[in-house]
Amino acid sequence: LITNLVSLHDLSLSEAQRGYPVLMQEVVTYCHPAWKMLLVDDGGDTTNAAYLEAPAGTPALEPGEVVEIEGTSVVANQNQSVQITRVTATGRRRPLLAEPFAISQIVSGIASCQWVELEGEVLRPPVAKDRLVFQLSVGHTNLQVALLHWQGSDASRITNACVRVRGVIANAFEIGRASCRERV
């Protein structure tokens with residue numbers, strides 16, 4: 001029985017393909033049921049986190065909610081993962097504390113699915129509709145940032161502004177895109 005992300009990630013790929021039963025409690029860092037996205041963190045002192053495909057019927061979950069995940073181990077995108085059969089909110093919450101990742105760890109994917117805080121300069125006027133998308137210059141690196149629930153009015157006023165962004169890192173290839181750019 002796999003009871004946490006550490007145990008899941010410790011499996012070899014061939015072991016993960018055996019379909020071991022999974023029953024674990026994890027902290028949601030992001031959930032978008034319509035896009036089948038469920039990003040979770042073990043909520044401990046380690047940096048074990050995962051992108052899991054949310055099954056149909058997954059409830060809308062907020063960052064910080066503790067959920068119980070039931071399913072079987074699988075390999076997805078050449079990583080150990082879970083074929084989820086059930087996601088249940090436990091009614092408990094854990095605070096999401098930003099992890100201190102270096103920009104190199106973000107770009108390399110080590111920080112994927114982790115709650116982070118970044119500060120940088122907004123490049124070019126952002127694109128705003130139901131979400132705000134802009135390039136954030138952090139040191140010598142530019143990251144694409146997507147605020148998925150944008151409700152502001154004049155997004156152009158933040159161009160060239162220094163901003164602090166808190167959120168979850170998701171590799172674009174994990175969310176069904178062909179490239180491997182990082183998104184915050």
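Residues numbered from 1 in each chain as written. Predicted model: local features only at pLDDT ≥ 70, side-chain atom pairs only at ≥ 80, totals over all residues. Heavy atoms only, no water.

### Side note on the confidence of the model for the protein
The predicted coordinates should not be examined in detail at positions where pLDDT is low.
Working step 1: Model confidence for the protein is summarised by a mean pLDDT of 84, while 89% of its residues fall at 70 or above.
Working step 2: A low-confidence stretch, residues 173-184 stays under pLDDT 50, and its non-local contacts, those more than four residues away or across chains, total 37 contacts. (pLDDT = per-residue confidence, 0-100. Contact = heavy atoms within 4.5 Å.)

### Comments concerning the pattern of salt bridges
Side chains carrying opposite charge are able to pair once their charged atoms draw close together.
Working step 1: Across all of its chains, the model carries five salt bridges by this definition.
Working step 2: As a salt-bridge pair, E70 and R86 come within 2.5 Å of each other at their nearest N and O atoms. Of the two residues, E70 sits in strand β4 (residues 65-76) while R86 sits in strand β5 (residues 79-93), which places them 16 residues apart along the sequence.
Working step 3: In this structure, E117 and R166 form a salt bridge, with 2.6 Å as the shortest nitrogen-oxygen distance. On the criterion of sequence distance, the pair formed by E117 in strand β6 (residues 115-128) and R166 in strand β9 (residues 162-168) is long-range, its members being 49 residues apart.
Working step 4: Given the relative accessible area of 55%, R166 is considered exposed.
Working step 5: Three or more residues joined by partner-sharing salt bridges are found here, namely E117, E119, R164 and R166. (Salt bridge = Lys/Arg side-chain N within 4 Å of Asp/Glu carboxyl O. Helix = DSSP H or I, 4+ residues; strand = E, 2+ residues; numbered from the N terminus. Buried < 20%, exposed > 50% of the residue type's maximum accessible area, 1.4 Å probe, protein only.)

### Some thoughts on the nonpolar core
Working step 1: Within the largest apolar cluster, 20 residues are counted, with the highest numbers of intra-cluster contacts made by L38, V40, L52, L61, I69, V82 and I84.
Working step 2: Listed by contribution, the elements that provide at least two residues to this core are α1 (5-10), β1 (21-32), β2 (37-41), β3 (49-53), β4 and β5.
Working step 3: Setting aside residues no more than four positions away along its own chain, I69 makes contact with V22, L23, M24, E26, L38, V40, L52, V82, I84 and R86.
Working step 4: Counting 17 residues, the second largest nonpolar core, distinct from the first, contains F134, V145, A155 and I158. (Core = buried A, V, L, I, M, F, W, Y, C linked by side-chain atoms within 4.5 Å.)

### What about the sheet that holds β4?
Working step 1: What the five strands build is an open sheet, ordered β3-β2-β1-β4-β5; its pairing is antiparallel. The open sheet has two edge strands with one neighbour each: β3 and β5. Strand-to-strand, the axes of this sheet are offset by a mean angle of 45 degrees, without reference to chain direction.
Working step 2: The pairing of β2 with β3 spans five bridges and is antiparallel. Paired with D41 across the two strands is A49, which belongs to β3. (Pairing = 2+ DSSP bridges. Axes fitted to C-alpha atoms, helices over the stretch in contact; angles between N-to-C directions.)

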